[in-house]
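# Summary of the model geometry
Here are the chains, one letter per residue:
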Amino acid sequence: MNCEKINELFSYGVAIRRQLHQCPEVGFDLPQTVKIVTAELDEMGIEYTTKYGTCSIVADIGQGKDLVALRADMDALPVEEQTDLPFKSKNPGKMHACGHDAHTAILLSVAKYLKSIEPELPCRVRLIFQPSEEGAVSGAKMMVSKGVMNGVSHILCTHCENSLSSGKLGVLKGYYMAACVPITIRFFGKSSHATCPKNGIDAVAMAVEAYNLMKEAVTQEASDTAYIWSVGRFSGGFVHNVIADLCELDISFRFYDMDFANRVESKVREICNSVSKRFGGKCEIVWNISTSAVYNDEAVVSRFKKAISKAGIVLETVNKKMISEDFAWYLTKVPGMLFRFGTRNESLGCTTTLHNNDFCIDEEGMKTAIMAFCTYITNYGKE
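About the criteria used
Residues numbered from 1 in each chain as written. Predicted model: local features only at pLDDT ≥ 70, side-chain atom pairs only at ≥ 80, totals over all residues. Heavy atoms only, no water. Pairing = 2+ DSSP bridges. Helix = DSSP H or I, 4+ residues; strand = E, 2+ residues; numbered from the N terminus. Axes fitted to C-alpha atoms, helices over the stretch in contact; angles between N-to-C directions. Contact = heavy atoms within 4.5 Å. Parallel < 35°, antiparallel > 145°, perpendicular 65-115°, else oblique. Left-handed = near helix turned anticlockwise from the far one by under 90°. Nonpolar A, V, L, I, M, F, W, Y, C, P; charged D, E, K, R; others polar. Core = buried A, V, L, I, M, F, W, Y, C linked by side-chain atoms within 4.5 Å. Buried < 20%, exposed > 50% of the residue type's maximum accessible area, 1.4 Å probe, protein only. Salt bridge = Lys/Arg side-chain N within 4 Å of Asp/Glu carboxyl O. Lys, Arg positive; Asp, Glu negative; His and termini not counted.

## Focus: the sheet that holds strand 13 (residues 336-344)
The seven strands lie next to each other as 1-3-2-4-13-5-12, forming an open sheet whose pairing is mixed. Bordering the open sheet on either side are strand 1 (57-61) and strand 12 (314-317), each of which pairs with just one other strand. Each neighbouring strand pair of the sheet contributes to a mean axis angle of 30°, computed without reference to strand direction. Inspection of the sheet shows strand 2 (residues 67-73) paired to strand 4 (residues 154-165) by four bridges, in the parallel sense. Pairing of Val-68 across the sheet is with His-154, part of strand 4.

Have a look at this one:
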């Protein structure tokens, strides 16, 4: 790909990204975003389907035995934007504070190039535009359940990174991003007047005791395993003179090792049931995995490194992250990898971390991501 072509694709991507940035939408409610993406695909002459779920868009291009998937997430966050960008959000209370507008624009740029050389492609390419990466219900899980990975050999995606200098890419073999289990634990007791505690069953007391025992048990089970066990909400009672009959805990549990997670779940259930029984109350535990860990397949990473080295792209090894990404749902079906494209530029003020209301990126970083995807696909099978 010559400089003129990459600059053309980059300019196109920036224009699309800014258009998307002005109309951020959340979860599975992405009508304007879907309209923009499908209009661009129509203009390129790329056929697509929406059969893989609400506000999903999937398109296949090229020919060949192998089918390689490339994924972009499209949703924004319920955040009020506090930037001075001329293309800032026009939707109150919503903002592309995680860079998904750039991810979508990058994939459209890649689609534009690959379609222009479609007869020469060494493989088929599946373009996956996904809703609700940020939502409580995973768009990736929905699309996987509807068969979007059928026939796919492997999958790649990228994510912007404001801790990595613009123009660089970052990747890590093996476990990269943590699995996530949002946990809700409810302790049920019996209310009574605060002056007659023996007539009630104190749900707050149950929760406090269980909280301390769980924290100790998780630490013991972890040994040297990386994890996060954070209680984000501890809520019980309504007034000072009534013994609480309900206390709830919301916990964020992050980890890489599923065996460790299973042991923790067993301990937590044992502790909570034991404590509530001893107090004469009851408990309820809601434990559902939001997403598994992102595991970057070593063979795919090696192939990726060899391909992009031909484009002279600077690649750095990045560190593990305890944050989660529902891209992991695709990896339950096929191998793949997630790489980072640097968007940090101190002179432009592009240093804020994800999910902040003043988050902004150096758009030059998009150019490197576009080059990486295009180079990987066009060099497929030439390793």
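We are not done yet, so read on.
## A look at the environment of Ile-308
Within the secondary structure, Ile-308 is located in helix 7 (residues 298-309). Not counting residues within four places of it along the chain, the set of residues in contact with Ile-308 comprises Leu-169, Ile-313, Leu-315, Ala-372 and Thr-375.

## Some words on the packing of helix 3 (residues 100-116) against helix 9 (residues 364-378)
Where helix 3 contacts helix 9, the two axes come as close as 9 Å, and the packing angle between them is 40°. For the element pair helix 3 / helix 9, the angle class is oblique. For the pair helix 3 and helix 9, the sense of crossing is right-handed. For the pair helix 3 and helix 9, the contacting residues are Ala-102, Ala-105, Ile-106, Ser-109, Val-110, Tyr-113 and Leu-114 in the first and Met-366, Ala-369, Ile-370, Phe-373, Cys-374, Ile-377 and Thr-378 in the second. Considered class by class, the residues forming the contact of helix 3 with helix 9 number 12 nonpolar, two polar and no charged.

## Details of the sheet that holds strand 8 (residues 227-236)
The four strands lie next to each other as 8-9-7-10, forming an open sheet whose pairing is antiparallel. The open sheet is flanked by strand 8 and strand 10 (282-287), the only strands paired with a single partner. Sheet twist, expressed as the average angle between the axes of neighbouring strands with direction ignored, equals 15°. Pairing of strand 8 with strand 9 (residues 246-255) involves nine bridges; the strand directions are antiparallel. Bridging from a neighbouring strand, Ser-235 pairs with Glu-248 of strand 9. Taken strand by strand, helix 5 (residues 203-222) contacts strand 7 (179-188), strand 8 and strand 9, and its axis lies near 180° from that of strand 8. Along the sheet face, helix 6 (residues 258-279) touches strand 7, strand 8, strand 9 and strand 10 and points at about 160° away from the line of strand 10.

## Thoughts on the nonpolar core
The nonpolar side chains of soluble globular proteins are, as a tendency, buried together. Judged by nonpolar contacts, the single largest core of 67 residues is most densely connected at Leu-70, Phe-129, Phe-304, Tyr-376 and Ile-377. If one sorts the elements of this core by residue count, helix 3 sits on top with nine residues. Setting aside residues up to four positions removed in sequence, Phe-304 forms contacts with Leu-156, Leu-169, Met-337, Phe-339, Ala-372 and Tyr-376. By size, the runner-up hydrophobic cluster in this structure holds 33 residues, among which are Ile-183, Ala-207, Met-214 and Cys-272.

## Let's talk about the pattern of salt bridges
Inspection of the entire model under this criterion finds 21 salt bridges. When the shortest N-O distance is used, the salt bridge between Lys-115 and Glu-118 registers 2.7 Å. We classify Lys-115 as partly exposed; its relative accessible area is 24%. Between Lys-321 and Glu-161 there is a salt bridge, with the nearest N and O atoms lying 3.0 Å from each other. Separated by 160 residues along the polypeptide, Lys-321 in the loop between strand 12 and helix 8 (328-331) and Glu-161 in strand 4 bring together distant segments of the chain. Residue Lys-321 is classed as partly exposed on the basis of its relative accessible area of 21%. Under the relative-accessibility criterion, Glu-161 is labelled buried at 10%. Here the salt bridges share partners, and the residues they tie into one network are Arg-186, Arg-233, Glu-248, Asp-250 and Glu-284.

## Side note on the side chain of Glu-40
Looking at the element boundaries, Glu-40 is found in helix 2 (residues 31-44). The buried charged residue Glu-40 lacks any salt bridge, with Lys-112 as its nearest oppositely charged partner at 5.7 Å.

Honestly, that's just the spatial picture; any functional story needs more than this.
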